Amino acid sequence: MTTASALTSKPTALDWSAQTLATVLALQAHTRAQDEAFVCTASRWTWAQLHAHVQVTAAGLHALGLRRGDHVAILMGNGAQWLTLFYAAALMGCVTVPR
């Protein structure tokens, strides 16, 4: 399912169709934009804010030369930056290697 079709179709309660993480994030940002998506000590983000951070980070990774299929090691503790980097890599089609 493409992002565009996911945004225009009505998901069912148990819609287990194959979707990428990027599609799921875009769908959540579209349907639940102002709901909380992430909360930690230093950050509190809505789905729309998370999606915006992910898009900016993905653009930065692309500018650094990363492309679909590249491996991205995430060497940091849990937190907003980890989550953003994980989804940004998924958005680009990169393979994440959490450590």
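See the structure printed just above.
Below: a short report on this structure. (Residues numbered from 1 in each chain as written. Predicted model: local features only at pLDDT ≥ 70, side-chain atom pairs only at ≥ 80, totals over all residues. Heavy atoms only, no water.)

1. Here we look at the nonpolar core
Core analysis: the largest hydrophobic core is formed by 20 residues, its most contacted members being Leu-25, Leu-50, Val-54, Leu-61, Leu-66, Met-92 and Cys-94. Where this core is concerned, the elements lending two or more residues are helix H3 (47-63), strand S3 (71-74) and helix H4 (80-92). Counting residues per element, this core draws most heavily on H4, at eight residues. Not counting residues within four places of it along the chain, the set of residues in contact with Cys-94 comprises Leu-66, Arg-67, Gly-69, Asp-70, Val-72 and Ala-89. (Core = buried A, V, L, I, M, F, W, Y, C linked by side-chain atoms within 4.5 Å. Buried < 20%, exposed > 50% of the residue type's maximum accessible area, 1.4 Å probe, protein only. Helix = DSSP H or I, 4+ residues; strand = E, 2+ residues; numbered from the N terminus. Contact = heavy atoms within 4.5 Å.)

2. Digging into H3
Taking 1.5 Å of rise per residue, the 17 residues of H3 would be expected to cover 24 Å, and the 24 Å separating its terminal C-alpha atoms lies within 8% of that figure. When we look at burial in H3, the residues that qualify are Trp-47, Leu-50, His-51, Val-54, Ala-58 and Leu-61. Take H3 and look down its axis: the buried residues cluster within an arc of 95 degrees, on one side only. Projecting away from the buried face of H3 at angles above 90 degrees are the exposed residues Val-56 and Ala-63. Close packing links the buried residues of H3 with helix H2 (21-31), strand S1 (36-39), strand S2 (44-46) and H4. Positive backbone phi, at 105 degrees, marks Gly-65, one or two positions downstream of H3. (Expected span 1.5 Å × (residues − 1). Arc of directions from axis to C-beta.)

3. What about the environment of Val-97?
Within the secondary structure, Val-97 sits in strand S4 (residues 95-98). Spatially, the C-alpha atoms of Val-97 and His-71 are 6.8 Å apart, while their sequence positions differ by 26 residues. In this structure, Val-97 is in contact with His-71, Val-72, Ala-73 and Ile-74, ignoring residues within four places of it in sequence.

Distances and angles like these do not, on their own, reveal function.
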